[in-house]
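Single-letter residue listing:
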Amino acid sequence: MMKTTFSLPARLLHWLMAAMIIAMLFIGVGMTASVSERHTALVSIHLPLGIAVLALACIRLAVRWRSPAPALPGDLPAWQRLAAHGSHLALYALMIAMPLIGWAMQSAGGYPIMLGAGVQLPAIAPADPVLFAWLRHAHRWLAYLFFATFVAHFAAALYHGLIRRDGVLKSMAGK
């Protein structure tokens, strides 16, 4: 029998991480747009949430390896099949790269990443203002790419769910 839905762990991780990533993107915008007292509060949420996204992305890759995705519809055009695989690859790469670049950026700026309860992550890059500036720029542009990829992914899900009605959206909804 052909598999028609993602595994329960894959679905739970997908929806949890979707909420976390949306929150991260908006918190990131709020952080960079504010010089008020909110900036510190937003940073204190953004950093540990980014590390949580990194950890969950690694778990999610293991779940995906152990329980592959259901097959795409057989009548899906080749370019859409390629776009689906490419966008998923981009999303996984960004879920790992963004937190690592953010962590390295904080390290290069000499800023600690506090996870709460006094737990501090080690620096993963040397303190260097030039490296900090470069990583900050990279983090910003990858955030734009992440947002665009997320929007394309969401639009494709709506296309499959509302227009094609081919079961692709249901495979992640679990119905």
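Given the structure is predicted, the values throughout are model-derived calculations rather than measurements.

Criteria and thresholds
- Residues numbered from 1 in each chain as written.
- Predicted model: local features only at pLDDT ≥ 70, side-chain atom pairs only at ≥ 80, totals over all residues.
- Heavy atoms only, no water.
- Helix = DSSP H or I, 4+ residues; strand = E, 2+ residues; numbered from the N terminus.
- Buried < 20%, exposed > 50% of the residue type's maximum accessible area, 1.4 Å probe, protein only.
- Areas by Shrake-Rupley, 256 points an atom, 1.4 Å probe, with all protein chains shown as cover.
- Lys, Arg positive; Asp, Glu negative; His and termini not counted.
- Charge placed at Lys NZ, Arg CZ, Asp CG, Glu CD.
- UniProt positions renumbered as here; feature names shortened; annotations may be inferred.
- pLDDT = per-residue confidence, 0-100.
- Core = buried A, V, L, I, M, F, W, Y, C linked by side-chain atoms within 4.5 Å.
- Contact = heavy atoms within 4.5 Å.
- Patch = residues over 30% accessible without salt bridge, like charges linked within 9 Å, V, L, I, M, F, W, Y side chains within 5 Å.
- Salt bridge = Lys/Arg side-chain N within 4 Å of Asp/Glu carboxyl O.
- Expected span 1.5 Å × (residues − 1).
- Pairing = 2+ DSSP bridges.

**Student:** Residue-level account of the overall build of the protein chain, with values.
**Tutor:** Check the secondary structure of the protein chain and you find five helices and two strands. The secondary structure elements of the protein chain, listed N-terminal to C-terminal, are α-α-α-β-β-α-α. Across its three principal axes, the protein chain shows a C-alpha extent of roughly 55 × 30 × 25 Å. Of all 175 residues assigned to the protein chain, the portion counted as buried reaches 35%. Counting only carbon and sulfur atoms, one obtains 73% of the accessible surface of the protein chain, whose full area is about 10700 Å². Between the averaged position of the 13 positive side-chain charges in the protein chain and that of its 4 negative side-chain charges there is a distance of 10 Å.

**Student:** How would you summarise the UniProt feature "domain: Cytochrome b561 bacterial/Ni-hydrogenase" (unreviewed entry) in the protein chain if you had to cite specific residues and measurements?
**Tutor:** Cross-referencing UniProt, the feature "domain: Cytochrome b561 bacterial/Ni-hydrogenase" (unreviewed entry) maps to residues 6-174 in the present numbering. Counted over residues 6-174, helix gives 75% and strand 4%. Its end C-alpha atoms are 7 Å apart.

**Student:** Which residues make up the confidence of the model for the protein chain, and what values do they have?
**Tutor:** On average, the protein chain scores 93 in pLDDT, and the residues at 70 or more come to 98%. Taken element by element, the protein chain is modelled with least confidence in strand β1 (residues 113-116), mean pLDDT 86, and with most confidence in helix α3 (residues 78-108), mean pLDDT 97.

**Student:** Go over the nonpolar core with me, naming the residues and quoting the values.
**Tutor:** A general feature of soluble globular proteins is that nonpolar side chains tend to end up buried together. Judged by nonpolar contacts, the single largest core of 22 residues is most densely connected at Met 17, Ile 21, Val 53, Met 95 and Phe 146. Broken down by secondary-structure element, the contributors of at least two residues to this core are α1 (8-32), α2 (38-66) and α3. When residues in this core are grouped by element, the largest group, nine residues, is from α1. Those residues in contact with Met 17 that sit more than four places away from it in its chain are Val 53, Leu 56, Ala 57, Arg 60 and Met 95. Judged by nonpolar contacts, the second largest core, of seven residues, contains Met 105, Ala 125, Phe 132 and Leu 135.

**Student:** Quick one: what's the story with a nonpolar patch on the surface, residue by residue and with numbers?
**Tutor:** Together, Phe 154, Leu 158, Tyr 159, Leu 162 and Ile 163 make up a nonpolar patch on the protein surface, roughly 500 Å² of accessible area in all. The residue Tyr 159 is located in helix α4 (residues 129-164) in this model.

**Student:** A description of α4 should follow, citing residues and the corresponding values.
**Tutor:** The first and last C-alpha atoms of α4 sit 50 Å apart over 36 residues, in line with the 52 Å expected at 1.5 Å per residue. Of all the positions in α4, only Phe 132, Leu 135, Ala 138, His 139, Phe 146, Thr 149, Phe 150 and His 160 are classed as buried. The inward-facing, buried residues of α4 contact α1, α2, α3 and α5 (168-173). Of the residues trailing α4, Arg 165 is marked for its positive phi of about 50°.

**Student:** Explain the pattern of salt bridges to me, using residue names and the numbers behind them.
**Tutor:** If you walk through the whole model with that rule in mind, you get two salt bridges. Measuring nitrogen to oxygen at the nearest pair gives 2.6 Å for the salt bridge that ties Arg 164 to Asp 75. Residue Arg 164 is located in helix α4, and its partner Asp 75 is located in the loop between α2 and α3; the two are separated by 89 residues in the primary sequence. In this structure, Arg 164 engages Asp 166 in a salt bridge whose closest nitrogen and oxygen atoms are separated by 2.6 Å. One connected set of salt bridges, linked through shared partners, spans Asp 75, Arg 164 and Asp 166.

**Student:** I'd love a proper account of the pairing of β1, names of residues and values included.
**Tutor:** By the bridge criterion, three bridges tie β1 to strand β2 (residues 119-121) in an arrangement that is antiparallel. The residue bridging Met 114 from the neighbouring strand is Gln 120, located in β2. Count of turn residues in the β1/β2 antiparallel hairpin: two residues, of which Ala 117 carries a positive phi of about 55°.

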